[in-house]
Amino acid sequence: MRKQFVAGNWKMNKTVHEAYDLAIELITGLRAVRETEVALCPPFVALTAVKSAIANTMIRLGAQNMHDQDRGAFTGEISPVMLAGLADYVILGHSERRQHFGESDAFINRKVLAALRHGLRPILCIGETLEQNERGETEAVLAQQLHAALTGVAAEDATNVVIAYEPVWAIGTGRAATADDAQQRCAFVRAQLRDLFGALAEEMRIQYGGSVTPANAPEILRQPDVDGALVGGASLKADDFIAIVRAAKGNL
Ligand code: PEP
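Residues numbered from 1 in each chain as written. Predicted model: local features only at pLDDT ≥ 70, side-chain atom pairs only at ≥ 80, totals over all residues. Heavy atoms only, no water.

### With respect to the sheet that holds strand S6 (residues 162-165)
The sheet built from eight strands closes into a barrel, its strands ordered S1-S2-S3-S4-S5-S6-S7-S8 with parallel pairing. Between one strand axis and the next, the sheet turns by 25° as a mean value, whatever way the strands run. Looking at chain direction, strand S1 (residues 4-9) and strand S2 (residues 36-41) are connected through six bridges and run parallel. Note on S2: the bridge partner recorded for asparagine 9 is cysteine 41. (Pairing = 2+ DSSP bridges. Helix = DSSP H or I, 4+ residues; strand = E, 2+ residues; numbered from the N terminus. Axes fitted to C-alpha atoms, helices over the stretch in contact; angles between N-to-C directions.)

Now the structure itself:
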């Protein structure tokens, strides 16, 4: 049985103080939740504050990005060495990184390998654009992004990787995939993972992400191949995020 996993991607929102306060609010609301793993992914500058807020709770900490190199002349970047021991997870390959910062599959692959080398668990985001979806290319895009990003990942690391299926057209648009579509795409991703890692694919977690709200979460999270959610906008409001976590399998 895969442990359901809901992560909040706070993106470029919240000052250090606001991030700390939101984490404290979430701890209270999530105290009774045992069946679902929860991670908060604040901006880099708030990682330490949120870490102190969630100390002695079951809540995990995630970063939103990192460089693939351990150190060096990369002004403005954060390395896996800096995150190791601080964060548990790191979001990699988010469509906003691909789109606004030109991140390639090869770069994302190097980041995935670097994260695993340093004991960080990647939340690897993959997803098709609206144009690709309308051209019927969704499965080809998912397979290509997945295989490229996971090249060289050893079988013993497979279950440390979380996949987030995030259709680009659903991110921040208020237009989530239907529960049926989310299920179909996540099942397709699992079939690809089976090609790569065999039976370990049954243990790997696949999240859905894209305009998840308290209203659509129960149906999406009920799907057999959807093992949780990566939540953007709704993770910034404590009540909404708590409601989404509570909608995950096993909590209702
Ligand atoms: C995201 O950024 O990963 C995301 C899913 O955002 P939203 O929930 O706002 O669509």
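### What to know about the nonpolar core
Residues Leu40, Leu150, Ile163 and Leu193 are the most contacted members of the largest nonpolar core, which totals 72 residues. The dominant element in this core, judged by the number of residues it contributes, is helix H8 (residues 179-197), at seven residues. Aside from chain neighbours lying at most four places away, what touches isoleucine 163 is Leu124, Ile126, Leu146, Leu150, Val189, Leu193, Arg205, Ile206 and Gln207. By size, the runner-up hydrophobic cluster in this structure holds eleven residues, among which are Cys41, Tyr89, Val162 and Ala164. (Core = buried A, V, L, I, M, F, W, Y, C linked by side-chain atoms within 4.5 Å. Buried < 20%, exposed > 50% of the residue type's maximum accessible area, 1.4 Å probe, protein only. Contact = heavy atoms within 4.5 Å.)

### Side note on the packing of helix H1 (residues 16-30) against helix H10 (residues 238-246)
For the pair H1 and H10, the least separation of the axes is 10 Å and the interaxial angle reads 40°. The handedness of the crossing between H1 and H10 is right-handed. Contact residues: H1 offers Leu22, Glu25, Leu26, Gly29 and Leu30, while H10 offers Ala238, Phe241, Ile242, Val245 and Arg246. Taken together, the residues of the contact of H1 with H10 break down into seven nonpolar, one polar and two charged. (Left-handed = near helix turned anticlockwise from the far one by under 90°. Nonpolar A, V, L, I, M, F, W, Y, C, P; charged D, E, K, R; others polar.)

### Concerning the UniProt feature "active site" (unreviewed entry) in the protein
As recorded in UniProt, the feature "active site" (unreviewed entry) lies at His94 and Glu166. Spatially, the listed residues are clustered: although they cover 73 residues, their C-alpha atoms lie within 8.4 Å of one another. Its location among the elements puts histidine 94 in the loop between strand S4 (89-92) and helix H4 (95-101). Overall, histidine 94 belongs to the buried group, its relative accessible area being 6%. Secondary-structure assignment places glutamate 166 in the loop between S6 and H8. With near-sequence residues (within four places) excluded, glutamate 166 lies in contact with His94, Cys125, Ile126, Gly127, Glu128, Ile171, Gly209, Gly210 and Leu230. Of note is the side chain of glutamate 166, whose polar atom sits 3.4 Å from the side chain of histidine 94. (UniProt positions renumbered as here; feature names shortened; annotations may be inferred. Polar contact = N/O pair within 3.5 Å; in protein donor to acceptor, adjacent residues only side chain to side chain.)

### Topic: the packing of aromatic side chains
A complete count under the given rule lists two aromatic pairs for this structure. Across the ring face of phenylalanine 101, the terminal group of arginine 97 is positioned such that the distance to the ring centre comes to 4.0 Å. Over the aromatic face of phenylalanine 107 sits the side chain of lysine 111, whose NZ or CZ is 4.5 Å from the ring centroid. (Phe/Tyr/Trp six-rings, centres within 6.5 Å; stacked < 30°, edge-to-face > 60°. Lys NZ or Arg CZ within 6 Å of the ring centre and 35° of its normal.)

### Quick look at a negative patch on the surface
The grouping of Glu18, Asp21, Glu25 and Asp239 at the surface amounts to a negative patch. Among the elements that line the negative patch, the one with the most residues is H1, at three residues. Along the chain, glutamate 18 turns up in helix H1. (Patch = residues over 30% accessible without salt bridge, like charges linked within 9 Å, V, L, I, M, F, W, Y side chains within 5 Å. Areas by Shrake-Rupley, 256 points an atom, 1.4 Å probe, with all protein chains shown as cover. Salt bridge = Lys/Arg side-chain N within 4 Å of Asp/Glu carboxyl O. Lys, Arg positive; Asp, Glu negative; His and termini not counted. Charge placed at Lys NZ, Arg CZ, Asp CG, Glu CD.)

### Structural notes on the pairing of strand S7 (residues 206-209)
Of the two faces of S7, the one holding Ile206 and Tyr208 and the one holding Gln207 and Gly209 are both buried throughout. In this sheet, S7 lies alongside S6 in parallel orientation, the contact comprising three bridges. Residue tyrosine 165 lies in a different strand from S7, and its bridge partner there is tyrosine 208. Between the parallel elements S6 and S7, the chain passes through H8 in a crossover that is right-handed. Here two bridges tie S7 to strand S8 (residues 228-231), and the two strands are oriented parallel to one another. Its bridge partner lying in S8, glycine 209 is registered against leucine 230. (Right-handed = clockwise from strand over helix to strand, strands pointing away.)

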